[in-house]
Amino acid sequence: RFHHTSTLRLCSCSKTASDEKYQDPFQLGRKDLKNLYEDIKKELLVSTAELKEMCDYYFDGKGKAFRPMIVVLMARACNIHHNNSREVQASQRSVAIIAEMIHTASLVHDDVIDDANSRRGKMTVNQIWGERKAVLAGDFILSAASVALARIGNTTIISVLTQVIEDLVRGEFLQLGSKENENERFAHYLEKTFKKTASLIANSCKAVSILACPDPKVHEIAYQYGKNVGIAFQLIDDVLDFTSCADRLGKPTAADLKLGLATGPVLFACRQFPEMNAMIMRRFSKPGDVERARKYVLQSDGVQQTTYLAQRYCHEATREISKLRPSPEREALIQLTEMVLMRDK
């Protein structure tokens, strides 16, 4: 069992030993993401002022644009791999815009389902405008993303990206259920994590690789990279729910427990403290459950085990992307796996 900082230090050293140049993904992706949020707002042409205000609320340009950045880097890496083209196609950039729109629509809906009151350090749409209008705003953003997707005019791309919307809904349903058997429970958690978080990244990466070249092997590499990074991203998110303070996260900590959700750290902790089983099954609904469960998690190695699992997914993502021809974008995507593990918010 490694604690992730020491492992990462080893990774970084080996990288400098080889003469691969360090690539900052955010610097490299910035050019293609210029005016991203303005372009999204153009897709959201709305007649009513209130709906426009709601849609613009999260597209304020202050997000990290993590998903679009992966998508444009993957587009460039696949273009270079296929025919050494250094340009991102307009249709590939559209996929990056659509990915961010689908993601944001899912956040708006998630906040309604969870009755959340803060997101990215500010009040949620549902707190300001109410649940009904928030649901409609999420629907509207999704419909605008669908129109942009249709405009690409490629039925394969439409099929790949509409899979994301189906997965988001199925993932939400999975989150509402729970399993009694311990092994089934972990598989259920990982499937939910894939559908709710990783499917968007995996299928967006696959979409730009299809636009880049006809080789199914490249499509699979792009998909597997996105899937593994996406799962690792969510595992670290679940760790931060226990280890980060609310100010850094921009949302309350132990939020998952309060929602009755048993994430990776809880499921690992349960192996050391079987008395947590009953709490998991009643979704931490009794008074004192949330606080007790949090204590058990922090006394156990649940956080370290979840971090270690995230490392394994990142290692797999690196293994996949390394099959592409070397390029600054490929190196940046490798670098991104380390950034996913090291993030603290």
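The rules we used
Each chain carries its own residue numbering, running from 1 in the direction its sequence is written. With pLDDT at 70 or above as the cut-off, local features in this predicted model cover only qualifying residues; side-chain atom pairs require 80 or more to be listed or tallied, and sums for whole chains, interfaces and linings still use all residues. To obtain the side-chain values, all non-hydrogen atoms of the structure were included, while hydrogens and water were left out. UniProt positions are given in the numbering used here, feature names are shortened, and annotations may be inferred rather than shown by experiment. Only DSSP runs of H or I reaching four residues or more are called helices, and only runs of E reaching two or more are called strands; each is numbered from the N terminus. Put simply, the radius of gyration uses C-alpha atoms, and a globule should come to 2.2 Å times the residue count raised to 0.38. Buried residues are those whose accessible area, probed at 1.4 Å on protein chains only, stays under 20% of the maximum for their type, while exposed residues exceed 50% and partly exposed ones sit between those limits. Contacts are assigned to residue pairs that have any heavy atoms within 4.5 Å of one another. Residue-level accessible areas treat just the shown protein chains as cover; the underlying method is Shrake-Rupley with a 1.4 Å probe. Working convention for charge: Lys and Arg count positive, Asp and Glu count negative, and His plus the chain ends are omitted. A single reference atom marks each charge: NZ on Lys, CZ on Arg, CG on Asp, CD on Glu. Two N or O atoms form a polar contact when they lie within 3.5 Å of each other; inside protein one atom must be a possible hydrogen donor and the other a possible acceptor, and for residues adjacent in sequence the pair counts only when both atoms belong to side chains. With axes taken as lines fitted to C-alpha atoms, and helix axes fitted only over the stretch in contact, angles between N-to-C directions fall between 0 and 180 degrees. Should an angle lie under 35 degrees it is considered roughly parallel, over 145 roughly antiparallel, and from 65 to 115 roughly perpendicular; all remaining angles are considered oblique. Here is the rule for handedness: rotate from the far helix to the near one, and if that takes an anticlockwise turn smaller than a right angle the crossing is left-handed, while a clockwise turn gives right-handed. Throughout this description, the term salt bridge denotes a Lys or Arg side-chain nitrogen within 4 Å of a carboxyl oxygen of Asp or Glu. Stacked, edge-to-face and tilted labels apply to pairs of Phe, Tyr and Trp rings (six-membered ring for Trp) whose centres lie within 6.5 Å, assigned for plane angles under 30 degrees, over 60, and everything in between, in that order. Here, a charge over a ring means that NZ of Lys or CZ of Arg falls within 6 Å of the ring centre while also lying within 35 degrees of the ring normal. Each residue is assigned to one of three groups, with Ala, Val, Leu, Ile, Met, Phe, Trp, Tyr, Cys and Pro labelled nonpolar, Asp, Glu, Lys and Arg labelled charged, and all others, Gly among them, labelled polar.

With an unreviewed UniProt entry as reference, the chain is termed All trans-polyprenyl-diphosphate synthase PDSS1, source organism Rostratula benghalensis. Under the heading Pathway (unreviewed entry), UniProt records this for the chain: "Cofactor biosynthesis; ubiquinone biosynthesis." The annotation that UniProt attaches to the chain under Subcellular location (unreviewed entry) is "Mitochondrion".

(A) How the structure looks around the overall build of the chain. What the chain contains, in helices and strands, is 18 helices and 2 strands. Over its C-alpha atoms the chain spans a radius of gyration of 20 Å, differing by no more than 12% from the 20 Å that the globule rule assigns to 345 residues. Dimensions of the chain, computed from the C-alpha atoms along their principal axes, are close to 60 × 55 × 35 Å. The buried share of the chain, reckoned over its 345 residues, is 56%. Sequence separation of at least 24 residues holds for 74% of the intrachain contacts in the chain that already meet a minimum separation of 6. Summed over all atoms, the accessible surface of the chain reaches about 15,800 Å², with 53% contributed by carbon and sulfur. Positive and negative side-chain charges in the chain, numbering 48 and 43 respectively, have mean positions lying 2 Å apart.

(B) The arrangement of the side chain of E331 in detail. Tracing the backbone shows E331 in helix 18 (residues 328-342). Within the structure, E331 has its side chain in polar contact with the side chain of R330 (distance 2.9 Å).

(C) Here's a closer look at the environment of V164. Tracing the backbone through its elements, the reader meets V164 in helix 9 (residues 155-176). Here V164 falls in the buried class, since its relative accessible area comes to 1%. A sequence separation of 39 residues divides V164 from N203, and the C-alpha atoms of the two residues are 6.9 Å apart. Residues within four places of V164 in sequence aside, it is in contact with I102, S199, L200 and N203.

(D) Geometry of the packing of helix 6 (residues 90-114) against helix 8 (residues 131-152). In contact at an axis separation of 9 Å, helix 6 and helix 8 are set at 165° when each is read in the N-to-C sense. Regarding the angle of helix 6 to helix 8, the classification is roughly antiparallel. Helix 6 and helix 8 meet at a crossing whose hand is left-handed. Residue-level contacts link S91, S94, V95, I98, M101, I102, A105, V108, H109 and V112 of helix 6 to E131, A134, V135, G138, D139, I141, L142, A144, A145, A148, L149 and I152 of helix 8.

(E) Region of interest: the pattern of salt bridges. Following the criterion strictly, the structure yields 20 salt bridges and no others. Across the pair E320 and R319 runs a salt bridge, and its minimum N-O distance is 3.8 Å. The exposure class of E320 is buried, given its relative accessible area of 7%. Of the residues examined, R319 reaches a relative accessible area of 43% and is grouped as partly exposed. What you see here is one network of salt bridges that share partners, running through E316, R319, E320 and K323.

(F) Up close: the packing of aromatic side chains. Under the counting rule described, the total for this entry stands at 7 aromatic pairs. Where F66 meets F233, the ring centres are 4.6 Å apart and the plane angle is 25°; that geometry is what we call stacked. Of the two residues, F66 sits in helix 5 (residues 66-83) while F233 sits in helix 11 (residues 216-243), which places them 167 residues apart along the sequence. Across this residue pair, the class does not change: F66 and F233 are buried. A cation over an aromatic ring shows up here: R67 above the ring of F233, its NZ or CZ 5.4 Å from the ring centre. Directly above the aromatic system of Y57 lies the positively charged group of K122, at a separation of 4.0 Å from the ring centroid.

(G) Layout of the packing of helix 10 (residues 182-212) against helix 14 (residues 264-272). Where helix 10 meets helix 14, the axes come as close as 11 Å, and the angle between the chain directions of the two elements is 165°. In terms of their interaxial angle, helix 10 and helix 14 are classed as roughly antiparallel. Between helix 10 and helix 14 the crossing geometry is left-handed. Taking contact as the criterion, the partners of E182, R185, F186 and Y189 in helix 10 are, on helix 14, G264, L267, F268, C270 and R271. Here the contact of helix 10 with helix 14 is composed, by residue class, of 5 nonpolar, 1 polar and 3 charged.

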